[in-house]
Amino acid sequence: MRGEGADVKALADTHLESGVPHGAELLAFAEAIVTGARSLPRARAEVVEALGSRAMVDTAGVTSNFERMVRIADATGIELGDRLEQGSAAVRAALDLERPVGR
């Protein structure tokens, strides 16, 4: 994937192809982890089939850690900061994400 582009809009629209190898499986797995969906066992099996069990463990770790960090930031009101605000502007615009009112 190094040096290749990815369509971040696929994060919000599952009908789009992200350009990430096995992106559909990875996205379904991450979504099932975050939402607690009943589809988690199936999503986990699809990641194992596509990428192997070690990659599934890595994917679960990355997804879980990211979710933890987002929850902490939301709960404590941590701001992005100037550098991250500027660095994420294009992605936030592509996904039509706005900062909550009052932040």
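Residues numbered from 1 in each chain as written. Predicted model: local features only at pLDDT ≥ 70, side-chain atom pairs only at ≥ 80, totals over all residues. Heavy atoms only, no water.

*Asks:* Can you explain the overall build of the protein? Please cite residues and give values.
*Replies:* When its secondary structure is counted, the protein shows five helices and zero strands. Sequence-ordered secondary structure for the protein, helices as α and strands as β, is α-α-α-α-α. By its C-alpha atoms, the protein is 45 × 30 × 25 Å across when sized along the principal axes. For the protein, buried positions account for 15% of its 103 residues. (Helix = DSSP H or I, 4+ residues; strand = E, 2+ residues; numbered from the N terminus. Buried < 20%, exposed > 50% of the residue type's maximum accessible area, 1.4 Å probe, protein only.)

*Asks:* Break down the pattern of salt bridges for me, with residues and values.
*Replies:* Enumeration over the complete set of coordinates arrives at three salt bridges. Ionic pairing is found between Glu67 and Arg71, a salt bridge with its closest N-O pair at 2.7 Å. Residue Glu67 and its partner Arg71 are both found in helix α3 (residues 53-76); the two are separated by four residues, about one turn of the helix. As a salt-bridge pair, Glu85 and Arg92 come within 3.4 Å of each other at their nearest N and O atoms. For Glu85, a relative accessible area of 28% puts it in the partly exposed group. (Salt bridge = Lys/Arg side-chain N within 4 Å of Asp/Glu carboxyl O.)

*Asks:* Now, about helix α1 (residues 23-35): what can you tell me, with residues and values included?
*Replies:* Relative to the 18 Å expected for 13 residues at 1.5 Å per residue, α1 spans 18 Å between its end C-alpha atoms, a close match to the ideal helical length. Tucked into the core, α1 has its buried residues touching α2 (40-51) and α3. Looking at the residues trailing α1, positive phi occurs at Gly36, about 70°. (Expected span 1.5 Å × (residues − 1). Contact = heavy atoms within 4.5 Å.)

*Asks:* Can you tell me about the nonpolar core, naming the residues and giving the values?
*Replies:* By size, the foremost hydrophobic cluster in this structure holds five residues: Phe29, Ala32, Ala43, Val47 and Met56. Secondary-structure elements contributing two or more residues to this core are α1 and α2. Those residues within four positions of Phe29 in sequence are excluded, and the remaining contacts are Leu40, Ala43, Arg44, Val47, Met56, Thr59 and Ala60. (Core = buried A, V, L, I, M, F, W, Y, C linked by side-chain atoms within 4.5 Å.)

*Asks:* Let's hear about the packing of α2 against α3: which residues, and what values?
*Replies:* Angle between the axes and distance between the axes are the two parameters that describe a pair of packed helices. At their nearest, the axes of α2 and α3 sit 7 Å apart, and the two run at 130° to each other. In terms of orientation, α2 and α3 fall into the oblique class. Of the two elements, α2 crosses α3, and the hand of that crossing is right-handed. Mapping the contact onto sequence places Arg44, Val47, Val48 and Leu51 in α2 and Ser53, Ala55 and Met56 in α3. (Axes fitted to C-alpha atoms, helices over the stretch in contact; angles between N-to-C directions. Parallel < 35°, antiparallel > 145°, perpendicular 65-115°, else oblique. Left-handed = near helix turned anticlockwise from the far one by under 90°.)

*Asks:* How would you sum up the packing of α1 against α2? Please name residues and give values.
*Replies:* Following both chains from N to C, one finds α1 and α2 inclined at 150°, their axes separated by 9 Å at the closest point. It follows that α1 is roughly antiparallel to α2 by the angle criterion. Between α1 and α2 lies a crossing of left-handed hand. Each of Glu25, Leu26, Ala28, Phe29, Ala32 and Ile33 in α1 lies in contact with α2, whose residues at this interface are Leu40, Ala43, Arg44, Glu46, Val47, Ala50 and Leu51. Along the lines of polarity and charge, the residues of the contact of α1 with α2 split into 10 nonpolar, no polar and three charged. (Nonpolar A, V, L, I, M, F, W, Y, C, P; charged D, E, K, R; others polar.)

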